[in-house]
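Letter by letter, the chains look like this.
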Amino acid sequence: MKVLLLKDAKEDDCGQDPYIRELGLYGLEATLIPVLSFEFLSLPSFSEKLSHPEDYGGLIFTSPRAVEAAELCLEQNNKTEVWERSLKEKWNAKSVYVVGNATASLVSKIGLVTEGETCGNAEKLAEYICSRIAMESITVYQTVAHPGIQGNLNSYYSQQGVPASITFFSPSGLTYSLKHIQELSGDNIDQIKTQGPQHPKKNCLQLEPLRKDCTDTAVMFAAIGPTTARALAAQGLPVSCTAESPTPQALATGIRKALQPHGCC
């Protein structure tokens, strides 16, 4: 059974994207299509803040991209030596929070000890830390549409057909990809249709006709977390699976349950 993940590939120590591996354990054939590109912002300001740990009570890394921004600051401003000599130790004397295990793994590579990765998502982490420290935020990257998103989606549908499920990993990923998915549903409908509660396949997305040999193909929508799930709902799209935590294991378990006969096809 084929599933589509709208994210870029990230190889782990085993040389394979962990989402592909975990879904494969359940007999699901996953394909990754990146829908976002990233542009780093405010790096000089971020670099200055990293140089003054005494001004802050801790650090919060919200994504792997935020860690990449920190690494760029250290490399571009020749601060790697001072980081290893003193800054790293000073930051480790404070709390370093992260959202998710993937971010925690990257933060550990720059020598920081993390906490909060087991909270599951950003909302739960915020509850965990909001009463502990006063916060100051800085935006260090912005998301834009991946330049190859339309071509990659067209190629996937023409070669692979309709996936059993589509997983979204962020609200912005949904924004940039949804219109292309709608276009792939054909010229006979104006929008993606959701099936009503009277239909035996509940909480599924109906795409007609996404492949020439099938005009009744239900596609299950999944979200990596509650924020993305709300973004789907705001578009009028039903969510059959929301991962309990932003990990390959949690997503694979959720999709497997949702695709069982009592759920979606």
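Calculation criteria
- Residues numbered from 1 in each chain as written.
- Predicted model: local features only at pLDDT ≥ 70, side-chain atom pairs only at ≥ 80, totals over all residues.
- Heavy atoms only, no water.
- Helix = DSSP H or I, 4+ residues; strand = E, 2+ residues; numbered from the N terminus.
- Buried < 20%, exposed > 50% of the residue type's maximum accessible area, 1.4 Å probe, protein only.
- Contact = heavy atoms within 4.5 Å.
- Polar contact = N/O pair within 3.5 Å; in protein donor to acceptor, adjacent residues only side chain to side chain.
- pLDDT = per-residue confidence, 0-100.
- Lys, Arg positive; Asp, Glu negative; His and termini not counted.
- Salt bridge = Lys/Arg side-chain N within 4 Å of Asp/Glu carboxyl O.
- Arc of directions from axis to C-beta.

### Let's talk about the overall build of the chain
Thinking step 1. Secondary structure assignment for the chain yields ten helices and eleven strands.
Thinking step 2. By the burial criterion, 43% of the 265 residues in the chain qualify as buried.
Thinking step 3. When contacts within the chain are restricted to residue pairs at least 6 apart in sequence, those whose partners lie at least 24 apart make up 67%.

### Notes on the side chain of Asp17
Thinking step 1. You can see Asp17 is positioned in the loop between strand E1 (2-6) and helix H1 (18-25).
Thinking step 2. Within the local environment of Asp17, its side chain forms a polar contact with the side chain of Lys7, the two groups lying 3.3 Å apart.
Thinking step 3. Here Lys10 takes part through its backbone nitrogen, which lies 2.8 Å from a polar atom of the side chain of Asp17.

### Focus: unusual backbone geometry
Thinking step 1. At Ser42, a residue that is not glycine, the phi angle is positive and equals roughly 55 degrees.
Thinking step 2. Along the chain, the position of Ser42 falls in the loop between strand E3 (36-40) and helix H2 (43-50).

### Some remarks on the confidence of the model for the chain
Thinking step 1. Overall, the predicted model of the chain reaches an average pLDDT of 84, with 85% of residues at or above 70.
Thinking step 2. When the criterion is pLDDT under 50, residues 186-216 qualifies, and its contacts beyond four places in sequence or with other chains add up to 59 contacts.

### Some points on the side chain of Glu22
Thinking step 1. Checked against the element boundaries, Glu22 lands in helix H1.
Thinking step 2. Look at Glu22: it is buried, it has no salt bridge, and the nearest opposite charge is Arg21 at 4.5 Å.
Thinking step 3. Sequence-distant contacts of Glu22, that is, excluding residues within four places in its chain, are made with Pro248, Gln249 and Ala252.

### Focus: helix H5 (residues 101-109)
An α-helical turn contains 3.6 residues, so any two residues separated by three or four positions project in the same direction.
Thinking step 1. Listed in full, the buried residues belonging to H5 are Thr103, Ala104 and Val107. Down the axis of H5, the buried set is contained in an arc of 100 degrees. They therefore lie on one face. Residues of H5 that are exposed and point more than 90 degrees away from the buried face comprise Ala102 and Lys109.
Thinking step 2. Elements that come into contact with the buried residues of H5 comprise strand E4 (58-61), helix H3 (64-76) and strand E5 (95-98).
Thinking step 3. Of the residues flanking the end of H5, it is Gly111, one or two places downstream, whose phi is positive at about 90 degrees.

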